[in-house]
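A look at the structure
Now for the letters of each chain:
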Amino acid sequence: MQAVAFEPEELTIQQGDTVAWKHAAGEPHNVVAYEGEIPEDAEHWASGGFESEEAAREGWEDGEGAVQSGKSYVHTFEATGTHEYFCVPHEAAGMVGSVIVE
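Residues numbered from 1 in each chain as written. Predicted model: local features only at pLDDT ≥ 70, side-chain atom pairs only at ≥ 80, totals over all residues. Heavy atoms only, no water.

If you look the chain up in an unreviewed UniProt entry, it shows as Plastocyanin/azurin family copper-binding protein from Halorubrum ezzemoulense. Its UniProt record gives the chain a comment under Cofactor (unreviewed entry), which states: "Cu cation". (UniProt positions renumbered as here; feature names shortened; annotations may be inferred.)

Here you go:
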């Protein structure tokens, strides 16, 4: 996670792989799967452990789910397909990404 970008913005991995998003620069970030933009058989995932996109957005407003400088958020991907995600406070600036699970 950079100032207002995920790097790389798109990542292709194998089913069962684990991805770590490390805070490298900028203000605190979070990582939130778009509710309708993950495979149907995937459970929602987000830093802070929120079970829905709405809960993650509300949690951010309450100061929850942030990945602080030097910290990471880690998720293991079991469902194949494309998982689209974003950072709540920097979504409007284009901080979005995708993980393609083969």
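When you line up the elements, glutamate 43 lands in the loop between strand S3 (32-33) and helix H1 (53-61). Taking the C-alpha atoms as reference points, glutamate 43 and glutamine 68, 25 residues apart in sequence, are found 24 Å from one another. (Helix = DSSP H or I, 4+ residues; strand = E, 2+ residues; numbered from the N terminus.)

Let us now look at a negative patch on the surface. A grouping of Glu35, Glu54, Glu58, Glu61, Asp62 and Glu64 is seen on the molecular surface, where their side chains present a negatively charged patch. The topology assignment puts glutamate 54 in helix H1. Its relative accessible area of 56% is what places glutamate 54 among the exposed residues. (Patch = residues over 30% accessible without salt bridge, like charges linked within 9 Å, V, L, I, M, F, W, Y side chains within 5 Å. Areas by Shrake-Rupley, 256 points an atom, 1.4 Å probe, with all protein chains shown as cover. Salt bridge = Lys/Arg side-chain N within 4 Å of Asp/Glu carboxyl O. Lys, Arg positive; Asp, Glu negative; His and termini not counted. Charge placed at Lys NZ, Arg CZ, Asp CG, Glu CD. Buried < 20%, exposed > 50% of the residue type's maximum accessible area, 1.4 Å probe, protein only.)

Glancing now at the UniProt feature "domain: Blue (type 1) copper" (unreviewed entry) in the chain. Residues annotated in UniProt with the feature "domain: Blue (type 1) copper" (unreviewed entry) correspond here to residues 3-102. Secondary structure content for residues 3-102 is 9% helix and 28% strand, and the end C-alpha separation is 29 Å.

Our next topic: unusual backbone geometry. Leaving glycine out, the prevailing phi sign among residues is negative, and the prevailing peptide bond configuration is trans. Following glutamate 7, the chain continues into proline 8 via a peptide bond in cis, with omega recorded as 5°. By the secondary structure assignment, proline 8 is in the segment before strand S1 (10-13).

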